[in-house]
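One letter stands for each residue in the lines below.
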Amino acid sequence: MAAKKKGPKTEDRRPKKTAEPAPHAEGKWSEWFARKARERRYWLVKSEPEVFSFDDLVRAPKRTTHWDGVRNFAARNFLRDGMKLGDHVFFYHSMANPQVIVGICEVVREGYPDPSAFDKKSYGYDENSKPDDPQWYMVDLRAVDQLPRPVTLPEIKARKELADMALIRIGRLSVTPVRVKEWETIVKMAG
DNA sequence: GCCAACGTTGGC
DNA sequence: GCCAACGTTGGC
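Residues numbered from 1 in each chain as written. Chains lettered and ligands numbered in written order. Predicted model: local features only at pLDDT ≥ 70, side-chain atom pairs only at ≥ 80, totals over all residues. Heavy atoms only, no water.

Right, let's talk about the protein's contact with DNA strand C for a bit. In the neighbourhood of DNA strand C, the contacting residues comprise Lys46, Tyr92, Ser94, Met95, Gln99, Leu153, Lys157, Gly171, Arg172 and Ser174. Taking all atoms of DNA strand C within 4 Å of the protein, the share assigned to sugar and phosphate is 81%. Contacts to DNA strand C include Met95, whose backbone N or O atom sits 3.4 Å from a phosphate oxygen. Contact between DNA strand C and Arg172: a phosphate oxygen at 3.0 Å from a main-chain N or O atom of the residue. When its residues are assigned to classes, the surface near DNA strand C shows 3 nonpolar, 4 polar and 3 charged. (Near = heavy atom within 4 Å. Polar contact = N/O pair within 3.5 Å; in protein donor to acceptor, adjacent residues only side chain to side chain. Nonpolar A, V, L, I, M, F, W, Y, C, P; charged D, E, K, R; others polar.)

Moving on to helix α3 (residues 73-82). Two residues of an α-helix separated by three or four positions point the same way, owing to the 3.6 residues in each turn. Looking only at α3, the buried set comprises Ala74, Ala75, Arg76, Phe78, Leu79 and Gly82. Capping of α3 at its N-terminal end is provided by Asn72; its side-chain oxygen lies 3.0 Å from the backbone amide nitrogen of Ala74. (Buried < 20%, exposed > 50% of the residue type's maximum accessible area, 1.4 Å probe, protein only. Helix = DSSP H or I, 4+ residues; strand = E, 2+ residues; numbered from the N terminus.)

Moving on to the nonpolar core. In this structure, Trp67, Met83, Val89, Leu141 and Val175 are the most contacted members of the largest nonpolar core, which totals 23 residues. Where this core is concerned, the elements lending two or more residues are β1 (42-47), α2 (54-59), α3, β3 (88-93), β4 (100-113) and β5 (137-152). For Trp67, the contacting residues outside a window of four places in its chain are Val45, Lys46, Ser47, Phe52, Leu79, Phe91, Tyr137, Met138, Val139 and Leu141. (Core = buried A, V, L, I, M, F, W, Y, C linked by side-chain atoms within 4.5 Å. Contact = heavy atoms within 4.5 Å.)

Detailed reading of the predicted coordinates is not advisable wherever pLDDT falls low. Model confidence for chain A is summarised by a mean pLDDT of 83, while 79% of its residues fall at 70 or above. When mean pLDDT is compared element by element in chain A, β3 scores highest at 97, while helix α1 (residues 29-36) scores lowest at 62. Contacts from residues 1-21, a stretch scored under 50 in pLDDT, to residues over four places away or in other chains number 7 contacts. (pLDDT = per-residue confidence, 0-100.)

With that settled, the discussion passes to unusual backbone geometry. Cis geometry marks the peptide bond from Asn97 to Pro98; its omega dihedral reads -5°. The residue Pro98 is located in the loop between β3 and β4 in this model. Even without being a glycine, Arg63 presents a positive backbone phi close to 55°. Along the polypeptide, Arg63 turns up in the loop between α2 and β2 (64-66). Take Arg63: its relative accessible area is 31%, and that puts it in the partly exposed class. Here the phi dihedral of Met95 falls at roughly 50°; this positive angle occurs in a residue that is not glycine. Structurally, Met95 can be placed in the loop between β3 and β4.

Below you can see the structure in the form of structure tokens.
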């Protein structure tokens, strides 16, 4: 294993031959996902429908919102480094009855500093985040479509092929990657 | 309302 | 650097 480089990344086109450790080895999920982030195209974000529902997103101007307020480093890394223009994102209702994936949205602006962290009056204010050294990031998401039918968390848990979903493995994370196969399975379940 | 699974903080 | 205490998220 090569030593980690510091500073700006340099291009290295050699194929990486390093064997991939099992993702759950040593519980290093966030590191594993951070490394895999480049390869991924699908994500899942959580929101409490009482606070901001998928319908709220559909009704928003341009069906778009700033996904602000995330204050978890693993989730921040996905927002800042992982999510790319055009990536598709499941919209999940947490703290709902039942919890469900209700719709699909799309990244329309890549990670940029979350201004609510700079605002003393904001709930998301963080004195450690300065405009010239921001700690917290957000993306802009635009509603694409409601799922034909919501897919519930119990349904997801009942599927063996979805047992490894980050949604299941890291229950508290509010922004998680979704593998292509997982995405396709869930879209099929909804259809 | 309870609790599991973390992340954060602070004492040492 | 370790670890106990505490806080938060979110499922049940």
